[in-house]
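Close look at the chain arrangement
Chain by chain, the residues run as shown.
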Amino acid sequence: MSDSPERIKCLIIGSGPAGYTAAIYAARADLKPVLITGMEMGGQLTTTTEVENYPGYPEGIQGPEMMEEFKKQAERFGTDIRIAYVSKTELSTEKGGWHKITVNDNEIIEAQAVIIATGASAKYLGLDSEKRLMGHGVSACAVCDGFFFKGQETIIVGGGDSACEEASYLSKLCPKVTMLVRGDEMRASKIMQERVEKKENIEILYNTETVEVLGEGTVTGARVRNRKTGEEMDIPAQGFFVAIGHKPNTDIFKGQIDMDKVGYIKAVPGTSKTNLPGVFATGDAQDKHYRQAVTAAGSGCMGALDAEKYLAEHAE
Ligand code: NDP
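What this report covers is the structure whose coordinates are included nearby.

Quick notes on the rules
Residues numbered from 1 in each chain as written. Predicted model: local features only at pLDDT ≥ 70, side-chain atom pairs only at ≥ 80, totals over all residues. Heavy atoms only, no water. 1 Å grid on protein atoms, 1.4 Å probe; cavity = no way out; pocket = protein on both sides within 12 Å on 5 of 7 lines; lining within 4 Å. Points joined across faces, edges and corners; volume = space filled by probe spheres on them. Nonpolar A, V, L, I, M, F, W, Y, C, P; charged D, E, K, R; others polar. Pairing = 2+ DSSP bridges. Helix = DSSP H or I, 4+ residues; strand = E, 2+ residues; numbered from the N terminus. Core = buried A, V, L, I, M, F, W, Y, C linked by side-chain atoms within 4.5 Å. Buried < 20%, exposed > 50% of the residue type's maximum accessible area, 1.4 Å probe, protein only. Expected span 1.5 Å × (residues − 1).

1. Observations concerning empty space enclosed by the protein
Counted according to the given criterion, the structure contains 1 cavity of 30 Å³ or more. Taken together, Ala 122, Lys 123, Ala 140, Ser 162, Glu 166, Val 242, Ala 243, Ile 244, Gly 245, His 246 and Arg 291 make up the lining of the largest cavity. Split into classes, the residues belonging to the lining of the largest cavity amount to 5 nonpolar, 3 polar and 3 charged.

Laid out in structure tokens, this is it:
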């Protein structure tokens, strides 16, 4: 075996909707992409159940099954999908330069174009009951799963803009939404706070934390505690939404590429281009606003088209 590293045109990091869509486009453009799946193959959608808002599936589809279809489609055009993780990156700052990517701690791949599609992870409270009921009433995305709770009562945890936005969304579907804010005020912008305060069917409980999500097979409510008085009570609900922030999976790129203080990679608006030549950011790793499978997929397509153009101009 040769000691020299494998050299390829296009490396895609991540296997959610952004990564697989980038792979479909890159493979069809004959960039011969290699896709490194990461530890959570299929990304966030593999932790959801039914997906009903992705166009093309009029009857809905299970998240893991949908990602399997994405994978098959990427493979059909010859994407080399490797079940592995990226442990280190040394991104070039030169036009036409080779980006050095370490895979599984010991294999080196050098790529002239890198498409980052590492996604983000929703933060959870860390309760055993929350984990157990995930996908059975517990969700971190009201826009994705709120519809399943139409006509039912729901709880949403968090006091940021996302929690307010999602509480407003749920209030249009549910007769009652209880918002649990752990502090004595919200972090959300004033306008977002006012929006939820005005809704008659949203009850906001401040200084309140979740002790346990209740239910055996599915959620039936939550036991909460007032952090000032220590008093506990049970709130009945069928849906339990967590909106306490996301963490982009971009730690391996820290210090090498421009990102905001939370870690979202900065892409030139309207493109997937980053501050580094030949490095393209797609999906939730660069998007803190929309975070939908369909927007991630669209962004993956942009990544591949931008990479294709870049390679045509700068590749060896
Ligand atoms: P934020 O980090 O802004 O807010 C997180 C919220 O969750 C805070 O209220 C925080 O409480 C609470 N929280 C954190 N951990 C826990 C926990 N363990 N238990 C209970 N509560 C907890 O995240 P968002 O996702 O709301 O927003 C992320 C970014 O995206 C922000 O910059 C936001 O402005 C932006 N955004 C903008 C929107 C818009 O403009 N339309 C819509 C959505 C997001 P505490 O305050 O006590 O720390």
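2. A few points about the sheet that holds strand β17 (residues 239–242)
Reading across the sheet, the 5 strands line up as β10-β17-β11-β12-β13 and stay open at both edges, with parallel pairing between neighbours. With partners counted over all chains shown, the strands left at the sheet margins are β10 (138–139) and β13 (202–205), one partner each. In this structure, strand β12 (residues 177–180) lies alongside β13, joined through 4 bridges in parallel fashion. Within β13, the position partnered with Thr 178 by the bridge is Glu 203.

3. What about the nonpolar core?
Membership of the largest hydrophobic core comes to 27 residues, with the highest contact counts inside it found for Cys 10, Ile 12, Tyr 20, Tyr 54, Met 66, Phe 70 and Ile 115. The element contributing the most residues to this core is helix α7 (residues 293–314), with 6 residues. Within the second largest apolar cluster, 22 residues are counted, among which are Val 34, Ile 36, Ile 257 and Ala 285.

4. Some details on helix α1 (residues 17–28)
Along its 12 residues, α1 runs 17 Å from first to last C-alpha, staying within 8% of the 16 Å computed at 1.5 Å per residue. For α1, the tally of buried residues reaches 10 of 12 residues, placing the bulk of the element in the interior. Turning to α1, its buried residues number three or more, namely Pro 17, Ala 18, Gly 19, Tyr 20, Thr 21, Ala 22, Ala 23, Ile 24, Ala 26 and Ala 27. Note on α1: the residue one or two positions beyond its end, Asp 30, has a positive phi of about 65°.

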